[in-house]
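# Breakdown of the fold
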Amino acid sequence: MADGRVIDGTPAVRVATGSKSHGRGQELLRVANEADTSVTTAAVGSVGHVGLEPLVMATVDGKTAFYSRPSTERMETIATTLEEETAPAGGAMAVVEHDPATPVLPTPETGPLSVGSRRVLGGCGWLTPTNVDEYTDLRDDLFTDRAKDDPESVRTAVMQSDLRGRGRGDASTDTSIAAEWTTVYETSDDPLVVVNGNEADDHADGDRLLLESAPLTVVDAALSSAIALRATDVVIYLSETETIAYERVQEAASALDAVTDTGIPIRVVTGPDEYTAGEPTMALEAIEGNHRIEARRQPPGPSEYGVNGRPTLIHTPRTFAQIGALLAGNGSSGASSDPGTRLITVADDDSTLATTELSTDATLDAALSAVELENGWHGACVGGVFGGMTRSLDVPASAPGLRSAHLGTNGVVELLGESTCMVALVGERATFAKETNCGRCVPCREGTKQLVYILRRVYDGEYKSEILRELARVMRTTSLCGFGRDASRPITTAMEEFETEFAAHAKGHCPTGICNQS
Amino acid sequence: MSTDPIWEQSHNEPEVPLAEDIAPGTANDPDAGATERATITIDGQRVETEAGATLLDACQTIETSGDVLALCSYDENAKIGPRSECRTCMVETERHGVVPSCSFPPRDGMTVHTDTERAREARDVNLDLLLSNHNLLCTTCGKNGRCELQDVSIENNVVDPRYGVMHDRDQLGPIDDSSPFIQIDRNKCILCNRCVEACNDVQVEGVLRMEGSGDDTRIGFQNGAETMMESTCVSCGHCATVCPTGALLEQGLVDATTLPVPGFTHKNSAEEIVGREYDHQPTQRTPMKSELETQNEPQASEQFTTARADRS
Ligand code: SF4
Ligand code: SF4
Ligand code: SF4
Ligand code: FES
């Protein structure tokens, strides 16, 4: 039985998956349905812990048991035992007692699922992603309805906040979003709102999680922002490979439109699955339908000259989720310099493990308890593909905290095992930058080539650290877009934190042995 | 089953492409420059600027302390630039840090320095980066003596570019010598986009475009042709007029200013020449518009069009 509100269902089975384990999740759901019981079943989005998924949750009368990646037989047992109103305790990774009507994922006191807050992730993995009725259980009203009644209140709530943009795809990355809001509002020449959800950075999972698990939160926040700013269009921009997010966002948008009837069209547009295509001005180019995507010159930025020259508010799903938390009045949270929370995805050398939500006044190492590490780590790359290399995660999860530690803010902690060679790794990142930049400006197009050459020469015994630092500095201060500004971060931070490894390579010795092979 | 009189098929007029069919492959940049007049201070000197002015315009009205090179900027036609790609025009502002003067708007009360450590370093490094990707063989180059890259390199006292220059023959791409009017040597191209804008925005011919990305970024043809001769070029020559370097040259000028080094010419400076199969006849012409086809499929799934009439 798969109809109705899963929130009210008891007993109920939820199968939570992100896109990575979606196929397996579907299979488990089919097994649960075929057991032909009176149990309510539902496919829900990821809870964030993609490494544990499919995650099956069996609920009876305010008590939920969690099973990570159960076998087909186990799934059958869970469904049939539930029929008798009990959840099998054996094999459950956690059992939680909770308010039977909770709209927020109940979490245990300990273990990976207990990590972080769920201020923006609340309904992820618990509510049917596109069900407006369940979504409204999270609070009293829809942001969109509030904006219709009182646009001023939405506007001032945001403009008087100190909220900063989240993620590299935001026009206000790490800076106050109030400034962009004010410009868009004051330019007032037929503005438009863009949700930039095209994040091709493999490990940066925060936007994907929100779009797949809580698309209504994102769309509701975007639509209410549009009303508050008198915008006449909402465009949700995704990578062409995100099929699940695409479907759910479409469905969420039409469901929300049906009940709010704002008259503001919401369109879902997909662009190339390329790292550059997520840069805000390149997102605008893709949305306009350009056949070749390169960054746009600024100033003026998107808030004055965006899609087709119209003033455009462009935020990531992560930022819209923070706007949602702000409008919901979930209380103040985090560091005063960067209020709210930050989604941090922990990954290891080859897989993405879990996305957790940290208050901006927590430190990054808090996210580590969300994963079970088989091996140790001797360093981490923080902030995505162009993140900063560090040995310590005792760094605040706020934008100013991360920046002053020279780390990236794109919400990724990639743990590097003992066998990772830092010199080889930053070489890979430089090569990626050289091969994928848009080609427009000299510091990035030519600078990345030189980064690669100069790094290669380290292997010939020539370690020119000053030349590298100078080049990195000029790329950072003079590149036309965020891509080139960030591209040298892995190198400069690795040179600071792992200087001995560079020196060793210049002497023909790779401490991990990786570079000596072949 | 054509019943057209024969002369109706014989016309030679190129069809003029519609402006919306032109696909230069470049971004939809906003207008550069200030929206209002301003009074700013550059190197301690007061400068009044008009609406539409850039910081570079302001710098050019005075004697600045540092040499603001501004290689890719182009003054003579407002329809061209600022591309703002070479980043050799960087100056330091107190509020916004190091900015490209060619496109940055002066704002009232702004304080600008042209000769700070950071601004100078930025210009020097970026100029050297340009040279690192340049076949710097001025002696056999048709632009020798009237080349903007050469000028700024001399102005900036470049002696020994930090990243070297592109001279390994295997790094060089072929010269396109197919057209009897214009020769293309991409080994000398700085990707300033002037030619693309001259072709599309001034002449409205829709021949040239920017193509590729990263390492493979280059000027190319909107009909996908490999050579100038197979493009829809009408040989107006505007691209060669605006080109700051020896990348686009009128055929008559290819060897005009080169120093006579025995046995060493521009053509043999590169690995390969394409277009030798064309004998240059004065009547020869490119297919021009007759085979016009563009390759401008949008990258996005669904083009977002917002003609105002569509919306209510
Ligand atoms: S920084 Fe890189 S990606 Fe950005 S405009 Fe310049 S070349 Fe393109
Ligand atoms: S274009 Fe020709 S003259 Fe100008 S710098 Fe290059 S080689 Fe020298
Ligand atoms: S060919 Fe000349 S005008 Fe065209 S982009 Fe290259 S350098 Fe600029
Ligand atoms: S002149 Fe300003 S970037 Fe080239």
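Residues numbered from 1 in each chain as written. Chains lettered and ligands numbered in written order. Predicted model: local features only at pLDDT ≥ 70, side-chain atom pairs only at ≥ 80, totals over all residues. Heavy atoms only, no water.

### Here's the deal with the overall build of chain A
- In terms of regular secondary structure, chain A is built from 18 helices and 16 strands.
- Compactness check: chain A gives a C-alpha radius of gyration of 23 Å against a globular reference of 24 Å for 518 residues, within 12% of the reference.
- Viewed in the frame of its principal axes, chain A has a C-alpha envelope of about 70 × 55 × 40 Å.
- Residues counted as buried form 63% of the 518 residues belonging to chain A.
- Sequence separation of 24 or more characterises 72% of the internal contacts of chain A that already satisfy a separation of 6 or more.
- Looking at chain A as shown, the accessible area adds up to about 17,400 Å², and 46% of this sits on carbon and sulfur atoms. (Helix = DSSP H or I, 4+ residues; strand = E, 2+ residues; numbered from the N terminus. Rg over C-alpha atoms; globule rule 2.2 N^0.38 Å. Buried < 20%, exposed > 50% of the residue type's maximum accessible area, 1.4 Å probe, protein only. Contact = heavy atoms within 4.5 Å. Areas by Shrake-Rupley, 256 points an atom, 1.4 Å probe, with all protein chains shown as cover.)

### Some details on the UniProt feature "domain: 4Fe-4S His(Cys)3-ligated-type" (unreviewed entry) in chain B
- With numbering aligned to this structure, UniProt lists the feature "domain: 4Fe-4S His(Cys)3-ligated-type" (unreviewed entry) at residues 118–157 of chain B.
- The annotated region residues 118–157 of chain B carries 57% helix and 0% strand content, and the separation between its end C-alpha atoms amounts to 18 Å. (UniProt positions renumbered as here; feature names shortened; annotations may be inferred.)

### Quick look at a negative patch on the surface
Residue and element names in this part refer to chain A.
- A surface patch of negative charge is lined by D36, D61, E83, E84 and E85.
- With respect to the helices and strands, the residue E85 is situated in the loop between α2 (72–83) and β5 (94–97).
- Its relative accessible area of 42% is what places E85 among the partly exposed residues. (Patch = residues over 30% accessible without salt bridge, like charges linked within 9 Å, V, L, I, M, F, W, Y side chains within 5 Å. Salt bridge = Lys/Arg side-chain N within 4 Å of Asp/Glu carboxyl O. Lys, Arg positive; Asp, Glu negative; His and termini not counted. Charge placed at Lys NZ, Arg CZ, Asp CG, Glu CD.)

### Here we look at the site of ligand 3
- Taken together, 13 residues form the shell around ligand 3, and within it C189, C192, N193, C195 and C243 of chain B come nearest.
- Of the residues that constitute the shell around ligand 3, the class distribution is 10 nonpolar, two polar and one charged. (Near = heavy atom within 4 Å. Nonpolar A, V, L, I, M, F, W, Y, C, P; charged D, E, K, R; others polar.)

### Some thoughts on helix α6 (residues 177–187) of chain A
All names here are of chain A.
- Listing the buried residues of α6 in full gives I177, A178, E180, W181 and V184. One side of α6 holds all its buried residues, which, seen down the axis, span an arc of 160°.
- Where α6 is buried, its residues contact α5 (151–159), α8 (215–228), β9 (312–315) and α11 (317–327).
- By the N-cap criterion, in which a side-chain oxygen at the helix start approaches the backbone nitrogen of a residue two or three places on, α6 is capped by S176, the distance to A178 being 3.2 Å.
- S188 sits one or two positions beyond α6 and adopts a positive phi of about 40°. (Arc of directions from axis to C-beta. Polar contact = N/O pair within 3.5 Å; in protein donor to acceptor, adjacent residues only side chain to side chain.)

### Thoughts on the interface of chain A and chain B
- Of the residues lining the interface, 56 residues belong to chain A; the matching set on chain B comes to 57 residues.
- Where chain A meets chain B, there are eight salt bridges.
- A salt bridge links E470 of chain A to R162 of chain B; the nearest nitrogen and oxygen atoms lie 2.8 Å apart.
- Applying the counting rule to chain A against chain B returns 25 residue pairs in polar contact (both at pLDDT 80 or more).
- Among the elements of the structure, β8 (266–271), α10 (280–288), α14 (442–458) and α15 (465–478) of chain A are those that each provide at least two residues to the side of chain A that touches chain B.
- No other element matches the nine residues that α14 of chain A contributes to the side of chain A that touches chain B.
- Tallied by class, the residues present in the side of chain A that touches chain B amount to 23 nonpolar, 15 polar and 18 charged.

### Describing the domain arrangement of chain B
All names here are of chain B.
- Structurally, chain B comprises domain 1 (23–129) and domain 2 (135–295).
- Tallying the contact residues gives 21 residues for domain 1 and 26 residues for domain 2.
- Taken together, both faces of the contact between domain 1 and domain 2 bury some 2,200 Å²; the carbon and sulfur share is 56%.
- A per-residue breakdown of the area domain 1 buries against domain 2 is headed by L71, I80 and D128, which together make up 27% of the total.
- Along the contact surface separating domain 1 from domain 2 lie one salt bridge.
- Two residues, R162 and D128, come together in a salt bridge whose shortest N-O distance is 2.7 Å.
- Considering only residue class, the side of domain 1 that touches domain 2 consists of 10 nonpolar, five polar and six charged. (Domains from an automatic or database assignment. Buried area = accessible area lost by both parts, 1.4 Å probe.)

### Section: the sheet that holds strand β7 (residues 234–239) of chain A
Residue and element names in this part refer to chain A.
- Read across the open sheet, the four strands follow the order β8-β7-β6-β9; overall the sheet is parallel. The open sheet terminates on both sides in strands that have one partner only, identified here as β8 and β9. Neighbouring strand axes in the sheet, compared pairwise and without regard to direction, differ in orientation by 20° on average.
- Both strand β6 (residues 192–196) and β9 contribute to a ladder of four bridges, which runs parallel. Across the sheet, residue V194 finds its bridge partner in β9, namely I314.
- Packing against the sheet, helix α9 (residues 243–260) makes contact with β7 and β8, and its axis sits at approximately 170° to β8. (Pairing = 2+ DSSP bridges. Axes fitted to C-alpha atoms, helices over the stretch in contact; angles between N-to-C directions.)

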